[in-house]
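Examining the three-dimensional arrangement
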Amino acid sequence: MTETRHPACNLTDQERNDYLSAVVYMAWGDRGTDPTALAQLEEMCATLGVTGESARCAMAAIATGDRAHASRVLSDLRRGALRVALLTDVIVLAFADARVATPEAASIAWLA
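Quantities reported herein were computed from a predicted structural model and do not represent experimental measurements.

**Points about the nonpolar core**
One broad rule of soluble globular proteins: the nonpolar side chains tend to lie buried together. Ranked by size, the top nonpolar core spans 32 residues in total, and within it Tyr 19, Leu 20, Leu 48, Leu 86 and Val 90 carry the most contacts. Listed by contribution, the elements that provide at least two residues to this core are helix 1 (13-27), helix 2 (35-48), helix 3 (52-64), helix 4 (67-77), helix 5 (83-94) and helix 6 (102-111). Here the element with the most residues in this core is helix 1; it accounts for eight residues. The contact partners of Val 90, leaving out residues within four places of it in the chain, are Val 23, Met 26, Ala 27, Ile 108 and Leu 111.

**A word on helix 2**
Relative to the 20 Å expected for 14 residues at 1.5 Å per residue, helix 2 spans 20 Å between its end C-alpha atoms, a close match to the ideal helical length. Listing the buried residues of helix 2 in full gives Ala 37, Leu 41, Met 44, Cys 45 and Leu 48. Seen along its axis, helix 2 keeps its buried residues to an arc of 105°; they face one direction. Along helix 2, the residues that are exposed and aim more than 90 degrees away from the buried face are Pro 35 and Ala 46. With its phi angle positive at about 75°, Gly 49 sits one or two positions after the end of helix 2.

**Here's the deal with the pattern of salt bridges**
Across all of its chains, the model carries one salt bridge by this definition. The shortest N-O distance in the salt bridge between Arg 16 and Asp 13 comes to 2.0 Å. Taken together, the residues Arg 16 and Asp 13, both in helix 1 and three residues apart, mark about one turn of the helix. Judged by its relative accessible area of 12%, Arg 16 falls in the buried class. On the accessibility criterion, Asp 13 (53% relative accessible area) is exposed.

**Examining the side chain of Asp 89**
Among the secondary structure elements, Asp 89 is positioned in helix 5. Despite its burial, Asp 89 remains without a salt bridge, the nearest opposite charge being carried by Arg 16 at 12 Å. Look past the residues within four positions of Asp 89 in its chain and what remains in contact with it is His 6, Tyr 19, Val 23 and Met 44.

Parameters and conventions
Residues numbered from 1 in each chain as written. Predicted model: local features only at pLDDT ≥ 70, side-chain atom pairs only at ≥ 80, totals over all residues. Heavy atoms only, no water. Core = buried A, V, L, I, M, F, W, Y, C linked by side-chain atoms within 4.5 Å. Buried < 20%, exposed > 50% of the residue type's maximum accessible area, 1.4 Å probe, protein only. Helix = DSSP H or I, 4+ residues; strand = E, 2+ residues; numbered from the N terminus. Contact = heavy atoms within 4.5 Å. Expected span 1.5 Å × (residues − 1). Arc of directions from axis to C-beta. Salt bridge = Lys/Arg side-chain N within 4 Å of Asp/Glu carboxyl O. Lys, Arg positive; Asp, Glu negative; His and termini not counted.

Below, the structure is given as structure tokens:
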């Protein structure tokens, strides 16, 4: 079986970091720190090749929730070629703790 690369792997380092921060912002509506969700985020970082300081910044985005930055990134992503990947990644992270909080559901609906 052939593994398919994540579409965001073709982005520049900065674009991948932006993509990941937008996913985190949208998926972490409950701002919880469930270990399963954090492990899923770490796996997503590895899949996208986001490591070191960039990965730490993505993890920090859980607490900060930079709405202005996420809005700028999302305005491009939700209309582009990565729309389906973005929606999928938000759903995966939002449901990692086996529940979807109301803000997470709103994010998913907005993207869809």
